[in-house]
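Residue-level listing of the chains:
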Protein chains: 2
Amino acid sequence: MLVVGTGLVGTSVGLALTRAGVEVRLRDAKPEVLAEAVRLGAGRPSEPGERPAALAVVAVPPEAVATVVGEVMRAGEAAYATDVASVKVLPTTQVRERVPDPGRYVGSHPMAGREISGPSAALADLFDGRPWVICADEGTHQQAVTRTLAVARLAGATPMTMTAAEHDAAVALVSHTPHVVAALMAARLSGAPRHEVRLAGPGVTDVTRIAGGDPELWTEILTANAAAVRAVLGGLRADLDRVMAALEAPVERQPVLRDVLRDGVDGRSRLPGKHGTAHTEFATVVVAIDDRPGQLARLFADAGAAGVNVEDVRIEHSPGQPLGLVELDVRPGADRELAASLRERGWTIRG
Amino acid sequence: MLVVGTGLVGTSVGLALTRAGVEVRLRDAKPEVLAEAVRLGAGRPSEPGERPAALAVVAVPPEAVATVVGEVMRAGEAAYATDVASVKVLPTTQVRERVPDPGRYVGSHPMAGREISGPSAALADLFDGRPWVICADEGTHQQAVTRTLAVARLAGATPMTMTAAEHDAAVALVSHTPHVVAALMAARLSGAPRHEVRLAGPGVTDVTRIAGGDPELWTEILTANAAAVRAVLGGLRADLDRVMAALEAPVERQPVLRDVLRDGVDGRSRLPGKHGTAHTEFATVVVAIDDRPGQLARLFADAGAAGVNVEDVRIEHSPGQPLGLVELDVRPGADRELAASLRERGWTIRG
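Residues numbered from 1 in each chain as written. Chains lettered and ligands numbered in written order. Predicted model: local features only at pLDDT ≥ 70, side-chain atom pairs only at ≥ 80, totals over all residues. Heavy atoms only, no water.

**Brief notes about the sheet that holds strand β5 (residues 81-83) of chain B**
All names here are of chain B.
Step number 1: Judged by pairing direction, the sheet is mixed, and its eight strands sit side by side in the order β3-β2-β1-β4-β5-β6-β7-β8 without closing on themselves. Looking along the sheet, the strands with just one partner apiece sit at the ends: β3 (44-45) and β8 (158-161).
Step number 2: Inspection of the sheet shows strand β6 (residues 105-110) paired to strand β7 (residues 131-135) by four bridges, in the antiparallel sense. If you follow Ser 108 over to β7, its bridge partner there is Ile 134. (Pairing = 2+ DSSP bridges. Helix = DSSP H or I, 4+ residues; strand = E, 2+ residues; numbered from the N terminus.)

Set out below in structure tokens:
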């Protein structure tokens, strides 16, 4: 396995895969950053002219992904590549435009991070139990998906599939907009009188925790997902205006405050448990696939077309066997419609 | 000691004072709520016609404080009274208008709470190490302040003094606006597609945690502090508009995102440690006072006039002694100017 870019996420991938017994090669443009990742045990430096790695995990800023993936492919450093950037439409589009044989790349995103950055902040268990979203499309090669799935599993994460656009809308809601909101609140504390800040308790501390993130990195992330974030902020801005109007209005207008606060309680109640893991039982659909290129990607696409999101994926593939079994976990109730819809599209459903 | 209103805060005061060996009498309009507080060990039910309590701690919604304080005084249930509502200008003003001898009341606010409400959510250690703000003014009787200070200390909190207006501006910044912001963000999750919410991690979970608070209670709190909250939200909306404009703009406009995110990092860095307690050494000014009414309130007012906020207060008062020593903790460096300014105003500084 090759990891290109040994910052927080790249080094954490290296540590997690090493923990799982995988041989990891590391590369980074900055020698001192690479040296630190090696020192921490995330892997060994990649040597020029080594045989191609099974998969390159490209852990660089979103707008650099396509360039690095192109380099890796042309240099023959790896047979297939994925990236771990927090947006997926931008890198996926750019790879398709700029990289020869873009089907050897599949975009992915492990949903985990920290406020602090750099290899020294890396953790071997950063991805344990966290979703790792994989965004295959019709053109994606089977092996790119299978190997990325394997990396996600080996790193301790739960693979999920959705389209790049679905992913970007989702992270705008649960990651990027919360970061903006935390920063907007924390910015109010900057320059406030000392005796006011001294009254701060656990509440405002929690609300603003993620605002400690690297401004450069987050400027890139927000810029790369600008439209989706702006859409969520638009709804927030509308509620904010209602609240500010209500605060100026007589008591009769309290219903507005009550409404927004109740929506907040409702939205809050939809979040997973405090360990950040969803406590849901899933139903499983088992599909038989053969080794023709693009089978897996087509399966995910067909599942998407059936309006069903795949919440977890496992692949049983006996070595040398042309046939494989894919287990798709979906929300309870959705398994019947998924199985029926896949049968219609010519897939073989087992059990 | 008498506690009127045995919800989360009132019952927690009862538990904390009982823990400290103080005899606590409890009263609540709802028999079942009172019974629950008694069952939990917060104190015993208050009987009609008992001798006046040393202090009544009124733990009811902001707009009900003046009425309840008036009842307590007229019924002779307590010699002095404080309240623990999260706003101070409204109850202080209403008590001054509606209660005979309003100097026997001093507004105060223990800076602690939980998302869940009711006596069953109460904790004996809810106030440990948290600030307990006391808002005395020129008209406040000495004993009202001294006894409220004693209750704050016995409950494990750190007494602080500021004016009611300073308090309301401070809580708008560090408590009320963060609650609105958390609710606005959490409201975005209400009605969002399940596969989007499933990607939620610790970040958005922290940002929205306090949004789980009781909408009725928070509607009252926000209404009671509407002007101060609106002022903070105004600054937030201005930044939000800049961010939304920047998200639509070309890369050159990224400096705007960077600025807001950096302000967020700066504001975040000003917050106390994760245990919610400020890690600051204070300088102490010791002032001798006699027992004339209003001395303590006048001392706090003079300290405020000197532009120095009192971060902690201790009173050494030998029983039967007409003279007492007041230790005022202020931020390092401010002690000299405070001592000088108090001497000018005729106070006797010790040591």
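**With respect to the relation of the copies chain A and chain B**
Step number 1: Overlaying chain A on chain B yields an RMSD of 0.0 Å, the required transformation being a rotation through 180° with an accompanying axial translation of 0.0 Å. Here the two chains are linked by the operation of a two-fold rotation axis. Among all residues of chain A, the minimum C-alpha distance to the rotation axis is found for Val 207 of chain A, at 2.0 Å.
Step number 2: Same-surface contact between copies: 100% of interface residues of chain A are shared with the interface of chain B. (Least-squares fit on C-alpha atoms with pLDDT ≥ 70 in both. Contact = heavy atoms within 4.5 Å.)

**Some remarks on the sheet that holds strand β8 (residues 158-161) of chain A**
Step number 1: Reading across the sheet, the eight strands line up as β3-β2-β1-β4-β5-β6-β7-β8 (chain A) and stay open at both edges, with mixed pairing between neighbours. Edge strands, defined here as strands with exactly one partner in the open sheet, are β3 (44-45) and β8 of chain A.

**Structural notes on the packing of helix α10 (residues 226-248) of chain A against helix α10 (residues 226-248) of chain B**
Step number 1: Where α10 of chain A contacts α10 of chain B, the two axes come as close as 10 Å, and the packing angle between them is 155°. When the axis of α10 of chain A is compared with that of α10 of chain B, the two are roughly antiparallel. Viewed along their axes, α10 of chain A and α10 of chain B form a crossing whose handedness is left-handed. (Axes fitted to C-alpha atoms, helices over the stretch in contact; angles between N-to-C directions. Parallel < 35°, antiparallel > 145°, perpendicular 65-115°, else oblique. Left-handed = near helix turned anticlockwise from the far one by under 90°.)

**Structural notes on the side chain of His 167 of chain B**
Residue and element names in this part refer to chain B.
Step number 1: Tracing the chain through its elements places His 167 in helix α6 (residues 164-189).
Step number 2: Taking relative accessible area as the criterion, His 167 reaches 0% and is therefore assigned buried.
Step number 3: Not counting the four nearest positions on each side in its chain, His 167 is found in contact with Ser 86, Val 87, Lys 88, His 109, Met 111, Val 133, Cys 135 and Met 162. (Buried < 20%, exposed > 50% of the residue type's maximum accessible area, 1.4 Å probe, protein only.)

**Let's talk about the pairing of strand β7 (residues 131-135) of chain A**
Residue and element names in this part refer to chain A.
Step number 1: Counting buried positions along β7 gives five out of five residues, so the element sits mostly inside the fold.
Step number 2: Burial of β7 is two-sided: the residues Pro 131, Val 133 and Cys 135 facing one way and the residues Trp 132 and Ile 134 facing the other way are all buried.
Step number 3: Pairing analysis gives four bridges linking β7 to β8, with the strands arranged parallel. Counted as the bridge partner of Ile 134 is Thr 161 from β8.

**Thoughts on the environment of Met 162 of chain B**
Step number 1: For Met 162 of chain B, the position within the fold is in the loop between β8 and α6.
Step number 2: In this structure Met 162 of chain B comes out as buried when scored by relative accessible area, which is 5%.
Step number 3: Residues Met 162 of chain B and Glu 311 of chain B lie 149 residues apart in sequence; the distance between their C-alpha atoms is 9.0 Å.
Step number 4: In contact with Met 162 of chain B, other than residues within four places in its own chain, are His 195 and Leu 199 of chain A together with Val 133, Ile 134, Cys 135, His 167 and Asn 309 of chain B.

**A look at the pattern of salt bridges**
Step number 1: Inspection of the entire model under this criterion finds 44 salt bridges over all chains.
Step number 2: For Glu 50 of chain B, the salt bridge identified is with Arg 44 of chain B, shortest N-O distance 2.6 Å.
Step number 3: The shortest N-O distance in the salt bridge between Asp 302 of chain B and Arg 345 of chain B comes to 3.9 Å. Separated by 43 residues along the polypeptide, Asp 302 of chain B in helix α12 (residues 295-305) and Arg 345 of chain B in the loop between α13 (334-344) and β12 (348-350) bring together distant segments of the chain.
Step number 4: On the basis of relative accessibility, which here comes to 13%, the residue Asp 302 of chain B falls in the buried class.
Step number 5: Overlapping salt bridges, with partners in common, bring together Glu 23, Arg 25, Arg 44 and Glu 50 of chain A in one network. (Salt bridge = Lys/Arg side-chain N within 4 Å of Asp/Glu carboxyl O.)

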